[in-house]
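Summary of the model geometry
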Amino acid sequence: MAGSRCSSRVRLMAFLALLFTLFSTGSSVAQVPLLMWSSDGLPALASTAAGHITSKDQLTTYLSSAFGSGRHTVLLFLQDKLSKDDFTVFGGVFGNKQDSAFENLEAALHSSSSVMFPALEWLDSSAIPALLQEKLGASPLLVDADTLSHLSINTSASNLLIINLPYCTSSGKSCKKVLHDNDGIIGKVLSVMKDKKVHYTAIYTGLKPSRVISEASMSIQPAGRSLLQAVVPEVKPPIMFNVSGNPCIMLWAQNLNISVTSESVWIDLATEVPSMTGSTCNSSNSLLVLTYPSGYILSFAMSQRFYPVSARNWFTLDSVQLQANGQTASFSGSRNIYAPTEYSFHCQSVTSFRDILLVANKTNPTPAWRLNFIDFQIQGFGLANGTDFSYASDCAGFFTPGIWMGLVTGLLFLWIFVYGLHMIMQLNTMDRFDDPKGPSISVPQSE
C-alpha cells in the first residue's frame, strides 16, 4: 500500500513538472504558478493549449465557479517568490523522494481534488489576496501554524486565512532548505485543519516570480521554419584601385599593424580610410600608395615577368615602404611573396620580425620600425573577376615542417620493422636431434 502511494506521488510530481515544462514558452509577461486543492472538491479546469498563460479574467471566472455559493474557508499560502523552475529543480520528480522539497504538498494534491495553473499572469503582489477577498466577501486574517492551532474558526461564515512563507535570500540558507521548511509549515497547517475537522480550500502561490526571463514576444517572431546559424559578421570591402573604371590593384587585410617606436606600440591602419593618390598600374608594374589621415603612408610595389622554367608569368611584391615623420623604411618581399600573375597572394600573417616574409633593408632609419599584416591578400595583375580576388596562392606550403617530421619518423619505424621481420625470417632451426637411447650421431670427417 505504501509502495503504491509513493508511486502515485512520483507520477503526480512528474505530471507537474511535465505540465510546467509544456507551459514554459517564451514570453515577456512575468508569471507565477498557482496550485489549488480542496477537501470538498473543485470544478474541473478546462483544457488549454501548451504555452497558455492564464489571465486575471480567466482566474476570476474560475474562482467565481469555485466559490459561487455557500461558505468557504480558504488557506492562502503566499510565498514571497515562486516560479515553475522551483518545482522543476527541487521537486524530485524522477522518483528520488529523498531530494524532494515538497513532500507535504505532493501528499495534499494527491489526496484532494486539485487544479493547477502553471503560468498565471502576474500583475502585482496584492492581486491574488484582493481577488479572494472580493469573491469571499471576507477580510483577510494573517496567521501562522501556532496561531491557527489556538484559533476558533467560524464555519458559518467565509474565512480567508493568509500564511506568509519566506523565500531564499543571500543569508546563506539554501533555496532547497527554505522550500523544505515551507513545505513543513504547509503540512503543519493542514494537520491543524484536519484536527479541527474544518473543510477548507488551499491555494499555494507567490507574491512575485522568483525567476523572470525576459524574452521577445512570440507575436514579433517570424512565423515558419528558420535555420539556426551563427550571425556572420560584416566583412569590410577590399581596397581597390581602378583605372578607366576597371579594377587594377586589390588589397585586403584584417589588420595592417605598424610600429614606429621602440616601445612596440602597434597602430592598426586598417581602421582608417586611406586615399590612393599616387597609385599607378600597367601590364608590368603596379604601385599602390595608401595615404592615411593619421599621416602614415604605405606603398606596395609589384612587378611581373615571364619565367621560362615554369613557362608562365609570376608577380612579386618587390617592396613595401612605410613613411612616417619625414622618414622612410623599406622592406623587401620579392623572395617570399610571389604568385602566378593570374592568381592573388594570401597569407595569414605577413611580418618583418617573426617568420619573416618582409625583410627590412639595411638602410632603414631605425630597426624599431616593424610591420605585421594579419590575413593579408593582394593582387596587382590579372583581375579578371571584376571586384573579386582571383584564386589565392597561399604562403603556407603543402608540406609543413610537422608533416615532414611525421613522414620521416614513420618511415624510420617502418624500416626498423621490415628489417627486424627480415632477420626473423632468416633464422634456421635444428632439424636433427641426438637420441640418448639410440646410437649416437656420427658425422664423417670427409664431409
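Note: the structure precedes this text.
Counting restarts for each chain: residues are numbered from 1 in the order of the written sequence. Reporting in this predicted model follows two pLDDT cut-offs: at least 70 for local features of residues, and 80 or more for side-chain atom pairs to be given and counted; totals over whole chains, interfaces and linings ignore these cut-offs and use all residues. Note: side-chain values were computed over all heavy atoms of the structure, leaving out hydrogens and water.

**So, the nonpolar core**
In this structure, Leu-298, Phe-300, Phe-373 and Phe-376 are the most contacted members of the largest nonpolar core, which totals 38 residues. In terms of residues, this core owes the most to one element, strand β14 (residues 312-324), which gives 5 residues. By the convention used here, residues are in contact when the closest approach between their heavy atoms is within 4.5 Å. For Phe-373, the residues in contact, after removing those within four places along its chain, are Asn-255, Leu-256, Asn-257, Leu-298, Phe-300, Val-320, Gln-348, Ser-349, Val-350 and Leu-358. Of all hydrophobic cores here, the second largest spans 33 residues; its members include Phe-102, Leu-179, Leu-190 and Tyr-200. Nonpolar cores are built from buried Ala, Val, Leu, Ile, Met, Phe, Trp, Tyr and Cys residues. Side-chain atoms within 4.5 Å join them into one set. Three labels apply to residues, based on accessible area from a 1.4 Å probe with only protein chains included: buried if under 20% of the type maximum, exposed if over 50%, partly exposed otherwise in between. Only DSSP runs of H or I reaching four residues or more are called helices, and only runs of E reaching two or more are called strands; each is numbered from the N terminus.

**Describing the sheet that holds strand β2 (residues 73-81)**
For two strands to be treated as a pair, DSSP must find no fewer than two bridges joining them. The 6 strands are arranged β3-β1-β6-β2-β5-β4 in an open sheet whose pairing can be described as mixed. Two strands close off the open sheet at either side, each with one partner strand: β3 (113-121) and β4 (140-142). If you compare each strand with its neighbour and ignore which way they point, the axes differ by 20° on average. To obtain each axis, a line is fitted to C-alpha atoms, and for helices this fit is confined to the stretch in contact; angles are then taken between N-to-C directions over 0 to 180 degrees. Here helix α2 (residues 56-66) sits on the sheet and contacts β1 (31-38) and β3; the angle it forms with β3, its principal contact strand, is near 160°.

**Structural notes on the pairing of strand β12 (residues 285-291)**
Where strand β11 (residues 280-281) lies against β12, 2 bridges are found, and the strand directions are antiparallel. Its bridge partner being in β12, Thr-280 is matched across the sheet by Leu-287. From the end of β11 to the start of β12, which pair antiparallel, there are 3 residues. Inspection of the sheet shows β12 paired to strand β13 (residues 297-307) by 7 bridges, in the antiparallel sense.

**Structural notes on unusual backbone geometry**
Located in the positive-phi region is Lys-197, a residue other than glycine, with phi close to 55°. Mapped onto the fold, Lys-197 is located in the loop between α7 (175-196) and β6 (201-208). Of note in the backbone geometry, Asp-355 takes a positive phi value of approximately 50° without being a glycine. Along the chain, the position of Asp-355 falls in the loop between β17 (344-351) and β18 (359-360).

**Some points on the environment of Lys-176**
Tracing the sequence through the fold places Lys-176 in helix α7. Among the residues examined, Lys-176 registers a relative accessible area of 32% and is labelled partly exposed. The contact partners of Lys-176, leaving out residues within four places of it in the chain, are Phe-90, Asp-99 and Ala-101.

**Section: the state of the cysteines**
A covalent bond bridging the sulfur atoms of two cysteines is what the word disulfide describes. Cysteine sulfur atoms that come within 2.5 Å of each other are treated as a disulfide pair. Applying the stated rule across the entire model yields 3 disulfides. One disulfide bridge connects Cys-248 with Cys-281, the sulfur atoms lying 1.6 Å from each other. With the S-S bond torsion at 135°, the cross-link from Cys-248 to Cys-281 turns out right-handed. On the criterion of sequence distance, the pair formed by Cys-248 in strand β8 (residues 246-252) and Cys-281 in strand β11 is long-range, its members being 33 residues apart. The two residues Cys-248 and Cys-281 agree in class, both being buried. Two residues, Cys-347 and Cys-395, share a disulfide whose sulfurs are 2.0 Å apart. Where Cys-347 bonds to Cys-395 through sulfur, the torsion about that S-S bond is close to 70°, and the disulfide is right-handed. You can see Cys-347 sitting in strand β17 and its partner Cys-395 sitting in the loop between β20 (392-394) and α8 (401-425), a full 48 residues away along the chain. Among the cysteines of the protein that take part in disulfides, numbered as they appear in the sequence, the pairing is 1-2, 3-4, 5-6.

**A closer look at empty space enclosed by the protein**
In this analysis a 1.4 Å probe is tested at points of a 1 Å grid over the protein atoms alone, and where it fits but cannot get out there is a cavity; an open set with protein on both sides within 12 Å along at least five of seven lines is a pocket; lining residues have an atom within 4 Å of a point. Grid points are joined across faces, edges and corners, and a volume is the space filled by probe spheres set on the points. Under the definition given, this model contains 3 cavities of 30 Å³ or more. What the largest cavity holds in volume is close to 120 Å³. Around the largest cavity sit 15 residues that line it, and Leu-120, Glu-121, Leu-123, Ala-127 and Ile-128 are the ones nearest its centre. Looking at the lining of the largest cavity, the elements that each hand over two or more residues are α2, β3, α5 (127-136) and β6. Residues were grouped as follows: Ala, Val, Leu, Ile, Met, Phe, Trp, Tyr, Cys and Pro as nonpolar; Asp, Glu, Lys and Arg as charged; and all remaining residues, including Gly, as polar. Residue classes in the lining of the largest cavity are distributed as 10 nonpolar, 2 polar and 3 charged.

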